[in-house]
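If you want the building blocks of each chain, they are given just below.
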There are 4 protein chains.
Amino acid sequence: MYSFNNDYSEGAHPKILEAMINANLIQKTGYGLDDNCSSARALIRQEIGREDADVHFIVGGTQTNLITIGTALRPWQAVISTDKGHINVHETGAIEATGHKVIAMPSKDGKLTPAHIQKALDLHTDEHMVQPKMVYISNSTEIGTQYSKAELEALHHICRQKGLYLFLDGARLGAALTSSVNDLTLQDIARLTDVFYIGGTKGGALFGEALVICHQDLKPDFRFMVKQRGAMLAKGWLLGIQFEELFTNNLFYDLASHSNEMAAILRKGIEACGYSFYSDSMTNQLFPIFPDKVITKLEKDFLFSVQERIDDSHTAIRLVTSWATSEEACRRFVSLLETC
Amino acid sequence: MYSFNNDYSEGAHPKILEAMINANLIQKTGYGLDDNCSSARALIRQEIGREDADVHFIVGGTQTNLITIGTALRPWQAVISTDKGHINVHETGAIEATGHKVIAMPSKDGKLTPAHIQKALDLHTDEHMVQPKMVYISNSTEIGTQYSKAELEALHHICRQKGLYLFLDGARLGAALTSSVNDLTLQDIARLTDVFYIGGTKGGALFGEALVICHQDLKPDFRFMVKQRGAMLAKGWLLGIQFEELFTNNLFYDLASHSNEMAAILRKGIEACGYSFYSDSMTNQLFPIFPDKVITKLEKDFLFSVQERIDDSHTAIRLVTSWATSEEACRRFVSLLETC
Amino acid sequence: MYSFNNDYSEGAHPKILEAMINANLIQKTGYGLDDNCSSARALIRQEIGREDADVHFIVGGTQTNLITIGTALRPWQAVISTDKGHINVHETGAIEATGHKVIAMPSKDGKLTPAHIQKALDLHTDEHMVQPKMVYISNSTEIGTQYSKAELEALHHICRQKGLYLFLDGARLGAALTSSVNDLTLQDIARLTDVFYIGGTKGGALFGEALVICHQDLKPDFRFMVKQRGAMLAKGWLLGIQFEELFTNNLFYDLASHSNEMAAILRKGIEACGYSFYSDSMTNQLFPIFPDKVITKLEKDFLFSVQERIDDSHTAIRLVTSWATSEEACRRFVSLLETC
Amino acid sequence: MYSFNNDYSEGAHPKILEAMINANLIQKTGYGLDDNCSSARALIRQEIGREDADVHFIVGGTQTNLITIGTALRPWQAVISTDKGHINVHETGAIEATGHKVIAMPSKDGKLTPAHIQKALDLHTDEHMVQPKMVYISNSTEIGTQYSKAELEALHHICRQKGLYLFLDGARLGAALTSSVNDLTLQDIARLTDVFYIGGTKGGALFGEALVICHQDLKPDFRFMVKQRGAMLAKGWLLGIQFEELFTNNLFYDLASHSNEMAAILRKGIEACGYSFYSDSMTNQLFPIFPDKVITKLEKDFLFSVQERIDDSHTAIRLVTSWATSEEACRRFVSLLETC
């Protein structure tokens, strides 16, 4: 049984593990104030071309989202997201638990547009309603789609114009940046958003997200919030070491490229069999629509999750590849599909 | 200039004011532990036929909603509402500020159905999502529609079946119960919901909502929550006195009937002129759709609010009548409309 | 049975009631945007000599405290109070429910000093601890004591120096400002604090506190927070009318003076009988220490509350007078005491 | 420079690292639903002799505290702690951020007694105050002291009697259980508390705390809260693997014993030099009181933190040993001290 269930089914890339082993018995300062974190911060600042950015390492994505949004908003303010946004659906109300409404705008392709933002603003006009103040997007999105540079610039523009913070959830940023249709760089992301993060958990690390804060308003006292929400890892250097490795010798991009290449094998095989997709993904998440009887056959050898019932006899499933996915497994999946 | 802007533009019915004046210099116990509150509680319990119900008097509706929902839900639980629900739109995120998500189900007529509830349950399947635990409805609804007994019984049924609390916001309950198409009584409301309130602010009082808790789970320590959220009025007898009057000699129903009758004058006049409505309301809120040039003429003599842009030349407005609305003003509105 | 239980056992001064009655059937704008509120705001701004101050009318004190503190603080910040502070003891954790710690500094006389503030700052040194950002004081305090101008200036000074907001709870501000030992004016209060309120509930109104915001940081979007916490009264003009009356012809001060004068009768009578006090109060709250057998006799004719057990045979009780307290009752209390 | 700064300055015990390496490329189920977590849960249940206990693995201590307390309490309830409690001082208001007051009882030795609890209950009498519902203790405490079986039984007794949950923070439980004066077992802890945790971060793991829930009330839906607060680790098996190793072949106890033995070398050396201690600790945290000039010499070769200024020329410092502390370093410290 091979799992395409998600991109966090395996541990860390061997180089990362090795670095952790080498540092294991060296006494370190706690709470992210160690040399490895400093060095990882420097590597990221260099990569994004922003010496002024604050970089914080946090264990997981939901934590990162709730801390960032909870810090950015005053009590009556709200964050705009698509209805498919991770914060809207898959975080057990973590944002609401910080006291803030998620304004969910319906989006077929999982992407947010300036029109969505304008509509959300138009619907919130006075003090009897929440005040939109932040925009949350994911790249790649929850259904594998991704933003072009033009699209991100348009979001940046309306956010600047309307006084909204733009926050990019980069749990799968590597997959977006290394996809064949991408035209964005990390420098672009840093320039066009106010705060974003670079996902480690789904990008070859054991765990960890690197949050990059570019907007001055969001920087002060951020570590207080990290500590308060229980996200200040005692042995914080474990996060620093992992991001040092990811941003040495291109490892971050190489691992993400691998996951995209593995997905491409699946995608091409599925297309060749004549099946269509629920979303237009060139990243490591694919959402093919299969007849139910095909799914029944596939699930004998492969693990994957169901995305949505399409009609009486068809279902969209989700296939996810990772930095560790084997080419052989992908080819085996396609072969099995060809026999269905 | 006459205002149909809302049903809280005037003070209290003279009998209520008089009772407050008569009690003014009598020393009373604070915080709702006085004789007037006791007597008002007894009158309400008798009216609903439930000696076991807990009754709390709270100054305003948003307060009542946030305290009730905040008490009913555990941190990870959520409340289901229509997208038009007062808690979803017009309370500046008061529910989210207690830490809970409002699951908003689109509804054209402002009413929630068992199908909405089932869909909300189907979409929330595991611990990565909030857990629906309460259903919030308003009667009459935010757009003047109302529930029939059969509809409320169906909601009651699915809530019991699925372990959900059913909460009815009765800010305009009087208007619903005295409308010409109503087939519900206060006894029915008490039987079919777990907690509901009887609106005083929009029903002839200066302020005040009477929250009635029928479900055992929601009763313990409720006064702690009332106090914590700043809703325990020091001179609590002011609330007791008002509800004593409302539930003496049918005053509550008479005042609501008046508001409906005034609305009926407007409705019939509008219908006679051939205009249609945004919603099918037999209560004290009407949402006629007028050509913009008609609105321009009406707003020279009358205050009202805009509900929604319908098309390039038409807009739905909101007209609200109250216990104090004058018949003459209603007739004057219709006359003016006839000349448009 | 006469009650010295508190200063909110009676309704409102007749002039206030009369003004409410006169306005009863005039249609008004809701939510505090009416002419009465405007006029009351103007009267208060004039009284404090600050045209730039924002004034908000809120129904009760706990509401006012939680909204003000919840608006002022970022999520990781805390408010410094004495251990006797109303927010620390008597609000069912209302401040903590907004997410903020109350740093409680022990104080015998109920007053906070610069030394308390410095100690609180010394104890909170890094991001593993909450960050003190606001100082909360009451004048008069919870045990009837009051701040001199020199004391308030010293608090102002350290707050400015350390970047702390100074918030004065004036639920009983009238009693403080009209006490025989007072040397502060409302102008001083406005100059020396960042935000404060003028208590109406305990000062002759049916209900209502007038919050005055002088610091620019605390002004933006304040009405959003008022609405979110359920404190935006629909018929907001009821608050405006009451404060119009209080700040017309000196009524606010006259009523507070009366309560102090009535307390003085009690105080002098108690002193003449040779009893001592738990606190040194020249305002409308007195805390005499009586032998238990004296208390047993007094409580046959008078209602009052117990403050604290002093020793095996003595107890401090609390006697509170109000704008409506009768001189005859005070003299009767003293006479009874003389016979004990 | 050798650090006695804390017990989380080094990585994990080699056996733990090795197990993580061995599992690195095996595909696992996420979110703690994997076989390693199951096996670790079984080992812990066996160790505590409670097949009915729920076991959750959480990355850090502050997270574990806020999730547990936030789950146990209704909005108006509070937790009793000593003033030195980690939740009261060193978590940046994490508990208050969940909406709950920490009732802090002064304690010289860092331990809570039934008298403290009774006093806290006596001070909280009605709905104007928070309602105490949980008791929080740490074993070993924040200043290295520990509870005897008789003391824990007394706490258990009063908690049962008063309807309070008893929660034991076991971040340093290993050190307590293996100290020379301990008479408690993990079975006792499970029997005498309602919920507790076994610290991994300070006990030889890279990170991780094993929360054990024995009380039925605290079990339902706990994973919802874990997820909502961002504490559900994607690669949850990393936690399982570490606790599997800790509870195999006594590793958990052996590592804790080592830390205590290293502390004993320091303690005996310090005593032999005639110095006294701030607290009476037989565990891995020591708080010797040194003349300032001695501290100046020690800090040239050793890292440690300052606990409290004792007088004009003396200061209590904190020395912490860990599973990885070298005997040589301890002896070197004592030698240096002897020369001071």
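Fair warning: this is a prediction, and the values are worked out from it, not measured in the lab.

Calculation criteria
- Throughout, residues of each chain are indexed from 1 in the direction in which the sequence is written.
- Both sets of labels track the order of writing: A upward for chains, 1 upward for ligands.
- Predicted model: local features are reported for residues with pLDDT of at least 70 only, side-chain atom pairs are reported and counted for 80 or more only, and whole-chain, interface and lining totals are derived from all residues.
- The basis for every side-chain value is the complete set of non-hydrogen atoms in the structure, without hydrogens or water.
- Strands here are runs of E lasting at least two residues and helices are runs of H or I lasting at least four, both read from the DSSP assignment and numbered beginning at the N terminus.
- Our radius of gyration looks at C-alpha atoms and nothing else; its globule reference is 2.2 Å times the residue count to the power 0.38.
- Exposure categories follow from relative accessible area, calculated using a 1.4 Å probe and restricted to protein chains: below 20% of the type maximum is buried, above 50% is exposed, and the middle band is partly exposed.
- Whether two residues are in contact is decided by their heavy atoms, any of which lying within 4.5 Å being enough.
- The method behind every accessible area is Shrake-Rupley, applied with a 1.4 Å probe, and residues are considered shielded solely by the protein chains displayed.
- A pocket, in this scheme, is an open set of points on a 1 Å grid over the protein atoms alone with protein on both sides within 12 Å along at least 5 of 7 lines, while a cavity is a set where a 1.4 Å probe fits but cannot get out; residues line either one if an atom lies within 4 Å of a point.
- Grid points are joined across faces, edges and corners, and a volume is the space filled by probe spheres set on the points.
- Basically, the charged four are Asp, Glu, Lys and Arg, the nonpolar ten are Ala, Val, Leu, Ile, Met, Phe, Trp, Tyr, Cys and Pro, and anything else, Gly included, counts as polar.
- Structural elements are reduced to axes, namely lines fitted to C-alpha atoms, with helices fitted over the stretch in contact, and the angle between N-to-C directions of any two is expressed from 0 to 180 degrees.
- Helix crossings are classified by the rotation of the near helix relative to the far one: an anticlockwise turn of less than a right angle makes the crossing left-handed, while a clockwise turn makes it right-handed.
- At least two bridges found by DSSP between two strands is the condition for calling them paired.
- Each copy is superposed on the other by least squares, with the fit set by C-alpha atoms of residues at a pLDDT of at least 70 in both.
- By convention in these notes, a salt bridge is any Lys or Arg side-chain nitrogen within 4 Å of a carboxyl oxygen on Asp or Glu.
- Once two parts are put together, the accessible area they lose, assessed with a 1.4 Å probe and summed over both, is termed the buried area.
- N or O atoms within 3.5 Å of each other form a polar contact, as long as, within protein, one can give a hydrogen and the other can take it, and as long as residues adjacent in sequence are counted only when both atoms are side-chain atoms.
- UniProt positions are given in the numbering used here, feature names are shortened, and annotations may be inferred rather than shown by experiment.
- Multiplying 1.5 Å by the helix residue count minus one yields the expected span of that helix.

A. Representation of the overall build of chain A in the model. Helix and strand counts for chain A come out as 14 helices and 13 strands. Taken over the C-alpha trace, chain A has a radius of gyration of 20 Å; the compact-globule value for 340 residues is 20 Å, and the two agree within 12%. The principal-axis extents of the C-alpha atoms in chain A amount to approximately 60 × 55 × 35 Å. The burial tally for chain A puts 66% of its 340 residues in the buried class. For chain A, contacts bridging at least 24 residues in sequence account for 73% of all contacts bridging at least 6. As presented, chain A carries roughly 11500 Å² of accessible surface, and 49% of it is formed by carbon and sulfur atoms.

B. Just empty space enclosed by the protein, in detail. Tallied over the entire structure, the rule returns 17 cavities of 30 Å³ or more. Taken as a whole, the largest cavity holds about 720 Å³ of empty space. Residue classes in the lining of the largest cavity are distributed as 15 nonpolar, 18 polar and 8 charged.

C. A look at the packing of helix α2 (residues 35-48) of chain B against helix α11 (residues 237-246) of chain B. All names here are of chain B. Contact pair α2 / α11: the axes reach a minimum separation of 7 Å and the direction vectors enclose 35°. Two packed elements cross with a definite hand, and for α2 against α11 that hand is left-handed. Contacts between α2 and α11 involve Asn 36, Cys 37, Ser 39, Ala 40, Leu 43 and Ile 44 from the first element and Trp 237, Gly 240, Ile 241, Phe 243 and Glu 244 from the second. Its residues placed into classes, the contact of α2 with α11 shows 7 nonpolar, 3 polar and 1 charged.

D. Representation of the sheet that holds strand β4 (residues 102-105) of chain D in the model. All names here are of chain D. Here we have 7 strands laid out as an open sheet, ordered β2-β8-β7-β6-β5-β3-β4, and mixed in their pairing. Each edge of the open sheet carries a strand with a single partner, namely β2 (54-58) and β4. For this sheet the average axis-to-axis angle between neighbouring strands, irrespective of direction, equals 25°. Packing against the sheet, helix α7 (residues 149-162) makes contact with β5 (131-138) and β6 (165-169), and its axis sits at approximately 145° to β6. Packing against the sheet, helix α11 (residues 237-246) makes contact with β2, β7 (195-199) and β8 (209-213), and its axis sits at approximately 115° to β2.

E. A look at the sheet that holds strand β6 (residues 165-169) of chain A. Residues and elements named next belong to chain A. In space, the 7 strands of this open sheet follow the order β2-β8-β7-β6-β5-β3-β4, with mixed pairing throughout. In this open sheet, the two edge strands, each paired with only one partner strand, are β2 (54-58) and β4 (102-105). Going across the sheet, the axis of each strand differs from the next one's by a mean of 25°, ignoring polarity. Of the pairings in the sheet, the one linking strand β3 (residues 77-82) to β4 comprises 4 bridges and is parallel in character.

F. Molecular detail of the relation of the copies chain D and chain A. The two copies are related by a screw operation: chain D maps onto chain A through 180° of rotation and 0.0 Å of translation along the axis, at an RMSD of 0.0 Å. On the angle and the small slide along the axis, the relation comes out as a two-fold axis. It is Arg 229 of chain D whose C-alpha, among those of chain D, lies nearest the rotation axis, at 3.8 Å. An overlap of 100% is found between the interface residues of chain D and their copies at the interface of chain A, pointing to a shared contact surface.

G. Structural view of the pattern of salt bridges. This model, assessed by the stated rule, comprises 49 salt bridges over all chains. We note a salt bridge from Lys 149 of chain B to Asp 188 of chain B, for which the minimum N-O separation is 3.7 Å. Here Lys 149 of chain B is found in helix α7 (residues 149-162), whereas its partner Asp 188 of chain B is found in helix α9 (residues 186-192), with 39 residues between them in sequence. A relative accessible area of 28% means that Lys 149 of chain B is categorised as partly exposed. Judged by its relative accessible area of 8%, Asp 188 of chain B is buried. Its salt-bridge partner being Arg 191 of chain D, residue Asp 188 of chain D comes within 3.2 Å of it at the nearest N-O pair. Remark: Arg 191 of chain D and Asp 188 of chain D occur in helix α9 (residues 186-192); sequence separation between them is 3 residues, near one turn of the helix. Look at the salt bridges and you will find they share partners, linking Lys 149, Glu 153, Asp 188 and Arg 191 of chain A into a network.

H. Representation of unusual backbone geometry within the structure. Of the consecutive residues Asn 139 of chain C and Ser 140 of chain C, the connecting peptide bond is found in the cis state with omega at -10°. Relative to the elements of secondary structure, Ser 140 of chain C occurs in the loop between β5 (131-138) and α7 (149-162). If you check the backbone angles, Tyr 31 of chain D has positive phi at about 60° while not being a glycine. A positive phi angle is found at Asn 250 of chain D, which is not glycine, with a value near 70°. The topology assignment puts Asn 250 of chain D in the loop between α11 and α12 (251-272).

I. The layout of surface pockets, seen in detail. Size it by volume and the second largest pocket reaches roughly 350 Å³. In this structure, the second largest pocket is lined by 17 residues; those nearest its centre are Arg 74 of chain B together with Ala 72, Arg 74, Tyr 165 and Asp 217 of chain D.

J. Structural context of the interface of chain D and chain A. Taken together, the contact pairs 42 residues of chain D with 42 residues of chain A. In total, about 3700 Å² of surface goes out of reach between chain D and chain A, with carbon and sulfur atoms giving 58% of it. Summed over the three residues of chain D that lose the most area to chain A, namely Tyr 8, Gln 27 and Lys 235 of chain D, the buried surface amounts to 18% of that side. Put simply, chain D and chain A have 0 salt bridges between them. At the junction of chain D and chain A, the tally comes to 24 residue pairs in polar contact (both at pLDDT 80 or more). If you list the elements that add at least two residues to the side of chain D that touches chain A, you get β1 (2-3), α1 (14-23), α3 (61-72), α5 (94-97), α10 (222-228) and α11 of chain D. Residue composition of the side of chain D that touches chain A, grouped by class: 23 nonpolar, 13 polar and 6 charged.

K. Spatial organisation of the environment of Gly 60 of chain C. Inspection of the secondary structure puts Gly 60 of chain C in the loop between β2 (54-58) and α3 (61-72). As for Gly 60 of chain C and Ala 231 of chain C, which are separated by 171 residues in sequence, their C-alpha atoms are 8.6 Å apart.

L. Geometry of the relation of the copies chain C and chain A. Note on the identical chains: chain C maps onto chain A by a rotation of 180° and an axial translation of 0.0 Å, with an RMSD of 0.0 Å. Mapped onto chain A, 100% of the interface residues of chain C again fall at the interface, so both copies present the same surface.

M. Representation of the interface of chain C and chain A. Between chain C and chain A, the contact holds 23 residues from the first and 23 residues from the second. For the chain C and chain A pair, buried surface summed over both sides reaches about 2000 Å², with 57% attributable to carbon and sulfur atoms. Across the salt bridge formed by Glu 127 of chain C and Arg 223 of chain A, the nearest N and O atoms sit 2.6 Å from each other. At the junction of chain C with chain A, the criterion picks out 8 residue pairs in polar contact (both at pLDDT 80 or more). Listed by contribution, the elements that provide at least two residues to the side of chain C that touches chain A are α3 and α10 (222-228) of chain C. Ranked by residues supplied to the side of chain C that touches chain A, first place goes to α10 of chain C with 5 residues. Of the residues belonging to the side of chain C that touches chain A, the class tally is 10 nonpolar, 6 polar and 7 charged.

N. Fine view of the environment of Gly 49 of chain D. Its location among the elements puts Gly 49 of chain D in the loop between α2 (35-48) and β2. You can call Gly 49 of chain D exposed: its relative accessible area is 54%.

O. Summary view of the UniProt feature "domain: Aromatic amino acid beta-eliminating lyase/threonine aldolase" (unreviewed entry) in chain A. Sequence positions flagged by UniProt for "domain: Aromatic amino acid beta-eliminating lyase/threonine aldolase" (unreviewed entry) are, in local numbering, residues 14-286 of chain A. Between the end C-alpha atoms of residues 14-286 of chain A the distance is 26 Å, and the span holds 44% helix and 15% strand.

P. Representation of α7 of chain C in the model. Residue and element names in this part refer to chain C. Taking 1.5 Å per residue as the helical rise, α7 with its 14 residues ought to reach 20 Å, and the 20 Å between its terminal C-alpha atoms agrees with that figure. Turning to α7, its buried residues number three or more, namely Leu 152, Leu 155, His 156, Ile 158 and Cys 159. Turning to α7, the residues buried within the fold contact α6 (114-123), β5, β6 (165-169) and α9 (186-192). Looking one or two residues beyond α7, the residue adopting positive phi is Gly 163, at roughly 70°.

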